[in-house]
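Chains, contacts and geometry: an overview
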Amino acid sequence: MERIVISGPSKLYGSVKISGMKNAAVAVIFGTIAVNDECIIDNLPNISDVNLSLELLKNMGAVVEKLGETKYRIDTRHISTIMAPVEEAGKMRASYYIAGASLARFGVCKVGLPGGCDFGERPIDQHVKAFEAMGAKVRIDEGYIDASAVGGMKAANIYFDCVTVGGTINAILAAVRSDGVTVIDNAAREPHIVDLANFLNFCGADITGAGTDTIKIKGNKQLHGCEYTIIPDMIEAGTFIIAAAATSSRVLIENIIPKHLESMTSKLSETGIVFEEGDDTLLVKSNVSELRPVNIKTLPYPGFPTDMNPQTAVLLCSISGVSRINETIFSDRFRYVNELRRMGASIDIENSIATFNGGQRLKAANVRAVDLRAGAAMVLAGLVAEGTTSIEDIFYIERGYDNIVEKLSSLGAAIKKISIEDFT
Ligand code: EPZ
């Protein structure tokens, strides 16, 4: 078993380069099923969710060839099955994109129900609603999404009852080869949805409105391969913003799209953190002892991302005064709080609001990563805490962060990954 060990408190300095965006990468990788040709995808992050996605494709019969550190050739012309077994699909959330892409290409899919971080109820009723609107018969049976559309998927008007990233992506994938124009209303507006739409349009699709709450997909059965580069990961960038701010450091974050970070930087600048924006860089300067408490509400993009809740909590624990996070997306996003309390954090939770009585220095402890972003928060807590923090279950962190230990170490953090023999 491996652990991440951090000796704090740390000061950071220098620059860090952000990797490709996990949630865009997995959408584009599974989107190649619908394209039915050879694609060259670059800037794929070296994370387990991407590696597992590529494995799932290979198990379906796709040819996947690594061309460089972040570059792959993916050829889905010879996919021989529409089946994605639950044993594999259940290891991550995005595997359910195989359903939308397979329905588009084959009119049928049998995909194991997805796994992913456990922060409360994560239904897929809106995905099913979209597939059924396009003419598919969908059964959720024995752990599988079992669907078929006689004569293929048909264009439809879809209105999502809630803003859903995965539902929007799956609806785009399912509609991309259908006859006619599909309209998605109340669509999610995240940058990774725009990235998927751009990729599919490079492949000959005709998708307009991605990034707004109304997306139109004019289906096209003659899609073709393309070369595409994934956008940088805004949540990884946000994580390094908090790392710099909470340790009173000055860090240059490189390879970003400033627009994607605006909801974070505008809110976090209320604390007094100084941001200097370049074309594809962000300089973060902070002295945590001078920062002011702040109230944050997580919202769908372009609101403050729920995926930044745990990391930001570490900063709020360090800022003197009372701050709050109101989590409006996931019902059980605060699972990380008990781990922070083990480090001396004073946090009260009432319904969807966490109140941080900040200003006391956290103390090192042995903690667990309870999900992907909670794990990242534990790393940040180890950077600010007095003493040596040890983090277990780091596989969660490695699902979504490319070389976080090496990146933080290059910024001056006393951090390493160690193997602990299982004492059975
Ligand atoms: C995506 O999850 C991301 N995962 C999550 O990132 C992210 O936290 C989330 O979007 C919100 O931004 C990937 O992109 C692989 P949703 P997803 O569907 O698609 C409800 C990370 O840290 N809902 O937008 O599962 C749902 O319960 C991961 O990188 C329904 O009710 O999120 C939730 O309350 C964690 N019915 C809300 O919508 C549905 O059919 C938003 O969920 C679908 C969703």
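Placed above this text is the structure.
Presented here is an overview of the structure given in this document. (Residues numbered from 1 in each chain as written. Predicted model: local features only at pLDDT ≥ 70, side-chain atom pairs only at ≥ 80, totals over all residues. Heavy atoms only, no water.)

**Thoughts on the pairing of strand β19 (residues 321-326)**
Here strand β18 (residues 295-297) runs beside β19; their pairing, made up of three bridges, is parallel. Residue Asn295 lies in a different strand from β19, and its bridge partner there is Arg324. For the crossover from β18 across helix α10 (residues 309-318) to β19, the handedness is right-handed. Where β19 and strand β21 (residues 353-358) come together, six bridges link them in antiparallel fashion. Residue pairing in the sheet places Asn326 in a bridge with Ile353 of β21. (Pairing = 2+ DSSP bridges. Helix = DSSP H or I, 4+ residues; strand = E, 2+ residues; numbered from the N terminus. Right-handed = clockwise from strand over helix to strand, strands pointing away.)

**Some remarks on the side chain of Ser323**
Of note, Ser323 is situated in strand β19. The class for Ser323 is buried, based on a relative accessible area of 0%. Polar contacts involving the side chain of Ser323 include one to the main-chain amide nitrogen of Val294, which spans 3.0 Å. When near neighbours in sequence (up to four residues on either side) are disregarded, Ser323 contacts Pro293, Val294, Asn295, Leu316, Ala354, Thr355 and Phe356. (Buried < 20%, exposed > 50% of the residue type's maximum accessible area, 1.4 Å probe, protein only. Polar contact = N/O pair within 3.5 Å; in protein donor to acceptor, adjacent residues only side chain to side chain. Contact = heavy atoms within 4.5 Å.)

**Brief notes about the nonpolar core**
Grouped together as the largest cluster of nonpolar side chains are 155 residues, with contacts concentrated most on Phe199, Leu340 and Leu408. Contacts of Phe199, omitting those with residues within four sequence positions, involve Val28, Gly31, Thr32, Val35, Cys39, Ile41, Cys226 and Tyr228. (Core = buried A, V, L, I, M, F, W, Y, C linked by side-chain atoms within 4.5 Å.)

**A look at the site of the ligand**
Taken together, 25 residues are adjacent to the ligand, and Gln126, Thr164, Val165, Asp307 and Ile329 come closest. Within the side chain of Arg122, an N or O atom sits 3.0 Å from an oxygen atom of the ligand. Isolated, the ligand exposes 820 Å² of accessible area, and the fraction of that covered by the protein chains is 90%. Breaking the shell around the ligand down by element, the ones donating at least two residues are α1 (22-35), α5 (125-133), α6 (165-175) and α12 (372-384). With three residues, α5 is the largest single contributor of residues to the shell around the ligand. Among the residues making up the shell around the ligand, the classes are represented as eleven nonpolar, six polar and eight charged. (Near = heavy atom within 4 Å. Areas by Shrake-Rupley, 256 points an atom, 1.4 Å probe, with all protein chains shown as cover. Nonpolar A, V, L, I, M, F, W, Y, C, P; charged D, E, K, R; others polar.)

**Description of the sheet that holds strand β9 (residues 144-148)**
Either a parallel or an antiparallel arrangement is found when strands of a sheet pair, and the pairing is made through backbone hydrogen bonds. Taking strand neighbours across the sheet as the criterion, the four strands line up as β6-β7-β9-β8 in an open arrangement whose pairing is mixed. The outermost strands of the open sheet, each flanked by one partner alone, are β6 (83-84) and β8 (137-141). Two elements, strand β7 (residues 108-112) and β9, share five bridges in a ladder whose sense is antiparallel. Residue pairing for β9: Val108 is matched across the bridge by Ser148. Relative to the sheet, helix α4 (residues 97-106) contacts β6, β7 and β9, its axis offset from that of β7 by approximately 165 degrees. (Axes fitted to C-alpha atoms, helices over the stretch in contact; angles between N-to-C directions.)

**A few points about the packing of aromatic side chains**
Scanning the entire structure with this criterion turns up five aromatic pairs. Ring geometry for Phe202 against Tyr228: centres 5.2 Å apart, planes inclined by 90 degrees, an arrangement best described as edge-to-face. Taken as a pair, Phe202 in helix α7 (residues 191-202) and Tyr228 in strand β14 (residues 227-229) lie far apart in primary sequence, 26 residues in all. On the basis of relative accessible area, Tyr228 is assigned to the buried category, the value being 8%. Clustering of aromatic rings is evident, with ring pairs tying together Phe199, Phe202 and Tyr228. (Phe/Tyr/Trp six-rings, centres within 6.5 Å; stacked < 30°, edge-to-face > 60°.)

**Observations concerning the sheet that holds strand β12 (residues 206-208)**
Pairing within the open sheet is mixed, and its four strands lie in the order β10-β11-β13-β12. The open sheet has two edge strands with one neighbour each: β10 (157-159) and β12. Going from strand to strand, the sheet's axes swing by 15 degrees on average, the running direction of each strand aside. Pairing between β12 and strand β13 (residues 214-218): three bridges, direction antiparallel. In the sheet register, Ile207 faces β13, and the bridge partner there is Ile217.

**Concerning the pattern of salt bridges**
Tallied over the full model, the rule gives 24 salt bridges. Between Asp146 and Lys110 there is a salt bridge whose closest N-O contact spans 3.7 Å. Taken together, the residues span a long stretch of sequence, with Asp146 in strand β9 and Lys110 in strand β7 at a distance of 36 residues. Here Asp146 falls in the buried class, since its relative accessible area comes to 19%. Arg342 is the salt-bridge partner of Glu339, the closest N and O atoms lying 3.9 Å from each other. (Salt bridge = Lys/Arg side-chain N within 4 Å of Asp/Glu carboxyl O.)

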